[in-house]
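Examination of the molecular architecture
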Amino acid sequence: MNSLGNGVMVSGYGVIAHERVVRCLGEPARASAFRLQTQEAHDEYLLDDQKLAAIELTNKKSIRWVDRTTKMVVGAARVAFQAAGLTGSKTDSQAGMMVGTGLGCLSTNEEFMLGYKTGGPLSVSPLLFAYTVPNAVVGAVATELKLLGPTMTYAGGASAVFAAGWSATLEVLRYQAKQMILAGYESQAKLATRFQNCWDTQFRFTSSRAEGAGVLIMESEEVLASRQGKGLARILGWGMSFGGERGLNFEGGLLRAVTQALTINNLNPHQISMVIPAAPATSEIGVQERAVLRTLECGHAEILPPLGAITGFGSAATGIWSIIQGIEAVQAAGKRIPAPVALVNVFGFDGAIGSLLLGAV
Amino acid sequence: MSLLTPEPGDRPKHVVVTGMSLICALGSCLEESWEGLITGRDGIRVAANFAMQGQRSNLAAEVAASYPYKPGPRSWALVREAARQAIANAQLSPESLSVGGVCLGTSLGGWGYAEDLLLRETLPDIDPELDLGFPYFAPTSRLAADLKLSGPCQTISNACSAGTSAIGSAFESIRWGQTDLMIAGGYDVLTAMTYSGFHAIRAASTKGIKPFDRTRDGLILGEGAAILVLESLDHAVNRQAQIAAAVLGYGSSCDGYSMVRPDPTGSGAAAAMAQALNQAALTPQQVDFISAHGTATTYNDPMETAALKKVFGELAYGIPVHSIKGMIGHTLGAAGAIEAVVCCRIIQTGLIPPTIHLHNPDPLCDLDYVPNEARQATVRVALSNSSAFAGNNAALVFGAGTR
């Protein structure tokens, strides 16, 4: 254990999303901007097919074609690598990738099954079949960026990104992977809409639909210093728990998750200066979340609006965007207060809860 | 224990296996399946339950018909039953279980529900069972709710290495103090999408599955589920649990080579296995047995042989390696979990199930694959290897008792 590094930093991020999401992420700490935009929050925030079509892989010899979902992640990864100052030789071959998603490559699966339905089993597309697994995006990004390190794909909703983030942190600290890519993605499809409608009805959740991807680059502080890179935020702790079916015990689950995240780095709740909540205060989940913050006695913390309420709910994409919101918030707060700590909470479709503590650099 | 700012003396926890279950084409419980495996029984036959109309083949390794006919409920039923058996095997009370979490690997989760919807003439009105049942995570989530778990609830969807990765992820959760108990494993059932898809990419056989044989022409899909109860050693000892084996190491890697073909040099698979051994602090000399992915596809078997030679050098020729897929088919997300259970059982019994249908070894596959007949051996350390679509590789190391 003593051979572990000093910490894990986020050195870059990239987002492929509807322009409203990008705009929100650009103004993280300004609650007024969020409130303004919340009033228009009942649209769909889907991506322009033509813009996505422009994302092509460079390694055509290995991958001739990628689906729409994969393009989102490849596009976000490229932006993140550029933002982190990682190009070509600076990327270590032992870099790996951890991914979280909710419904995975559902749109591609639907397209595959359309071929099956209309032409029978013998007419299905072998090209599409390669993209009917949620980890297809990892294969494409790894081939494109020549990543040979550890990979794992979690499927569960917004919290899946947090499980993936915990794994990525372990890989950076324990296995010396020089860089780990943490990605979250979600694409919309016919069944995704049905699922969300059903979820909204069953669980009394209200949200509009969104899709897109986000990618973070995580590195150890030593690696970042050795390549003279710039850290944007520090990972201080992750917590994971189960909040029961339909979020019935969200309060108990969130308390466990936040406590776990705090314990990992021996922090106390009073150090939390801002919270990116899992849900709006008016929702059932939101009420339970505020109760947890009171129990922890971190009521002094500034509570930012939950991103999903503004940008539409994009499940795992919202999970990673919330982390990016936390990074930007902690960066901005670092100019006003000493050692700000942001708590980011998410609640997944699968009932899993994730908490993350981020610190300023 | 603090991971990010460790105190002197902080150590990762030891992780042990205290309960297991296995449901596959050879049996509806661990004992029945194990009996089939050590006697080299072929579980592949003309599918009786899964609709094969218009498919290129009618062969599959189905589990018993007593499970619900439709693939969606079938996956949930398999998960529930496999978990029930593993928990019973671990002699865990509901109270002691509630502190734990769950991590299951799958290629498809509840996808059968989605196929049911998509293959209808028109989409029906909202149907909560179908609409909430199809996501990858639905069976995991239902299990966590059923068992009233409070720890991590995770679904790994790494295609064919998902079961191995799920056990690896659960192992890390315990090792680094997130929880003391995890229900971990994998499952998958036959679906129209995977069956037609594997034939479309010419990776599936219409005759039989012959790992490492020169006449092999692909995999045959199977279905099943396997669950392991993992605990920290302290937790297991405190409740006086029977320890079946220890999980010693986990590794994963990416080929970065192709979406559907493995890197023929085996570098990616070798990296995952080396990482697992490294974490276990073991040398190649200490490995007594290897469970291969062994899918019987043109590309996998020579690649895997090359990978083993990279990791073990000349030692590779002296270590028994087997593939059980000739008996139970390729069970996708369940495969790695089933193979993990088999590794633990081999450590317990000293009996290695054979690689069946291996009569004409491929010259490129020249290791000791335990052909056609089970073998007795003292196995203290077993390595299990898995590979998947999109170039994902994962490996686990199991050891006898505790270290």
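Structural notes, computed from the coordinates. These figures come from a predicted structure and were not determined experimentally. (Residues numbered from 1 in each chain as written. Chains lettered and ligands numbered in written order. Predicted model: local features only at pLDDT ≥ 70, side-chain atom pairs only at ≥ 80, totals over all residues. Heavy atoms only, no water.)

1. Thoughts on the overall build of chain A
The following threshold applies: Working definition: helices are DSSP H or I runs of at least four residues, strands are E runs of at least two. Numbering for both runs from the N terminus. Residue exposure (1.4 Å probe, protein chains only): buried if accessible area is under 20% of the type maximum, exposed if over 50%, otherwise partly exposed. Residues count as neighbours in contact if any of their non-hydrogen atoms are within 4.5 Å of one another. Per-residue and other accessible areas follow the Shrake-Rupley method at a 1.4 Å probe size, with only the shown protein chains counted as cover for residues.
Helix and strand counts for chain A come out as 14 helices and ten strands. The burial tally for chain A puts 68% of its 361 residues in the buried class. Taking contacts inside chain A between residues at least 6 apart in sequence as the whole, the part at least 24 apart equals 79%. Working note: accessible area of chain A is about 12300 Å², and carbon and sulfur atoms make up 53% of it.

2. A look at the overall build of chain B
Heads up, the condition is: For the radius of gyration, the atoms used are the C-alpha atoms, and the globule rule reads 2.2 Å times the number of residues raised to 0.38.
Of regular secondary structure, chain B possesses 13 helices and 14 strands. Since a compact globule built from 403 residues should have a radius of gyration of about 22 Å, the 20 Å found for chain B is in line with a globular shape. Oriented by its inertia axes, the alpha-carbon framework of chain B measures out at about 65 × 55 × 40 Å. Classification of the 403 residues of chain B by burial places 69% in the buried group. Sequence-distant contacts, at least 24 apart, represent 77% of the contacts inside chain B between residues at least 6 apart. Counting every atom, chain B has about 12500 Å² of accessible surface; 50% of that belongs to carbon and sulfur.

3. Some thoughts on the pattern of salt bridges
Residue and element names in this part refer to chain B. Here is the rule we go by: What counts as a salt bridge is simple: a side-chain nitrogen of Lys or Arg found within 4 Å of a carboxyl oxygen of Asp or Glu.
A full pass over the atoms with the stated rule returns 21 salt bridges over all chains. Linking Arg84 and Glu81 is a salt bridge whose minimum nitrogen-to-oxygen distance equals 2.8 Å. Taken together, the positions of Arg84 and Glu81, both in helix α2 (residues 71-90) and three residues apart, correspond to about one turn of that helix. In this structure, the salt-bridge partner of Arg216 is Asp301, at a minimum N-O distance of 3.7 Å. One end of the pair, Arg216, is in the loop between α8 (192-200) and β7 (224-232); the other, Asp301, is in helix α11 (residues 300-312), with 85 residues separating them in the sequence. With respect to burial, Arg216 and Asp301 carry one shared label: buried.

4. Some words on unusual backbone geometry
All names here are of chain B. Positive phi, close to 55°, is recorded for Gln240, a residue that is not glycine. Unusually for a residue other than glycine, Ala390 sits at a positive phi of about 70°. Of note, Ala390 is situated in the loop between β13 (381-387) and β14 (392-399). For Ala390, a relative accessible area of 5% puts it in the buried group.

5. Focus on the packing of aromatic side chains
By convention here, two paired aromatic rings are described through the distance between centres and the angle between planes. Going by this rule: Between rings of Phe, Tyr and Trp, where Trp is taken as its six-membered ring, a pair exists when centres lie within 6.5 Å; planes separated by under 30 degrees are stacked, by over 60 edge-to-face, and by other angles tilted.
Applying the stated criterion to the full structure yields 13 aromatic pairs over all chains. With 6.0 Å between their ring centres and 75° between their planes, Phe195(A) and Phe134(B) make a pair best called edge-to-face. Placement of Phe195(A) in helix α9 (residues 190-203) and of Phe134(B) in the loop between α5 (128-133) and α6 (138-146) is noted, with the two residues assigned to different chains. Each of the two residues, Phe195(A) as well as Phe134(B), counts as buried. Where Phe195(A) meets Phe137(B), the ring centres are 6.2 Å apart and the plane angle is 75°; that geometry is what we call edge-to-face. Of this pair, Phe195(A) sits in helix α9 while Phe137(B) sits in the loop between α5 and α6, which puts the two residues in different chains. Through a chain of ring-to-ring contacts, three or more aromatic side chains come together here, namely Phe112(A), Phe129(A), Phe198(B) and Phe389(B).

6. Some remarks on α6(B)
Residue and element names in this part refer to chain B. Of all the nine residues making up α6, seven are buried; the element is thus mostly covered by neighbouring parts of the structure. Among the residues of α6, those classed as buried are Ala138, Pro139, Thr140, Ser141, Leu143, Ala144 and Ala145. One or two positions beyond α6, positive phi appears at Lys148, with a value near 55°.

7. Considerations on the nonpolar core
For soluble globular proteins, the rule of thumb is that nonpolar side chains tend to be buried together. Selection criterion: Within this scheme, the nonpolar core is defined by two criteria: the residues are buried Ala, Val, Leu, Ile, Met, Phe, Trp, Tyr or Cys, and they are joined through side-chain atoms within 4.5 Å.
Of all hydrophobic cores here, the largest spans 111 residues; its most connected members are Val73(A), Met97(A), Val215(A), Leu357(A) and Phe198(B). The element best represented in this core is helix α4 (residues 68-83) of chain A, accounting for seven residues. In contact with Met97(A), not counting residues within four places along its chain, are Val73(A), Val138(A), Val141(A), Leu147(A), Pro150(A), Thr151(A), Met152(A), Met180(A), Ile181(A) and Ala183(A). The next biggest cluster of nonpolar side chains, apart from the first, holds 101 residues, and it includes Ala317(A), Trp321(A), Ile38(B) and Met327(B).

8. Quick word on the pairing of β14(B)
Residue and element names in this part refer to chain B. We count it as follows: Each pair of strands is called paired provided DSSP finds at least two bridges between the two strands.
With eight of eight residues buried, β14 lies mostly within the body of the structure. When strand β8 (residues 245-254) meets β14, the two strands line up antiparallel, connected through eight bridges. Along β14, the bridge assignment pairs Ala246 with Gly399. Pairing of β13 with β14, which is carried by seven bridges, proceeds in the antiparallel orientation.

9. What about the side chain of Ser11(A)?
Residue and element names in this part refer to chain A. Filter applied, for reference: Throughout this description, a polar contact denotes any pair of N or O atoms lying within 3.5 Å of each other; where both atoms belong to protein, one of them has to be capable of donating a hydrogen while the other can accept it, and for residues adjacent in sequence the pair is counted only when both atoms sit in side chains.
Position of Ser11 relative to the elements: it lies in strand β1 (residues 8-17). One polar contact links Ser11 to Glu219, side chain to side chain, over a distance of 2.6 Å. Excluding residues within four positions of it along the chain, Ser11 makes contact with Ala83, Ala84, Ile217, Glu219, Leu224, Arg227, Lys230 and Leu232.

10. Thoughts on helix α7 (residues 162-175) of chain B
All names here are of chain B. The following threshold applies: What a helix is expected to span follows from its residue count: subtract one and scale by 1.5 Å.
The end-to-end C-alpha distance of α7, which contains 14 residues, comes to 19 Å, matching closely the 20 Å that a straight helix rising 1.5 Å per residue would cover. Counting buried positions along α7 yields 14 of 14 residues, so the element is predominantly enclosed. In the segment just after α7, Gly177 is the residue with positive phi, at about 80°.

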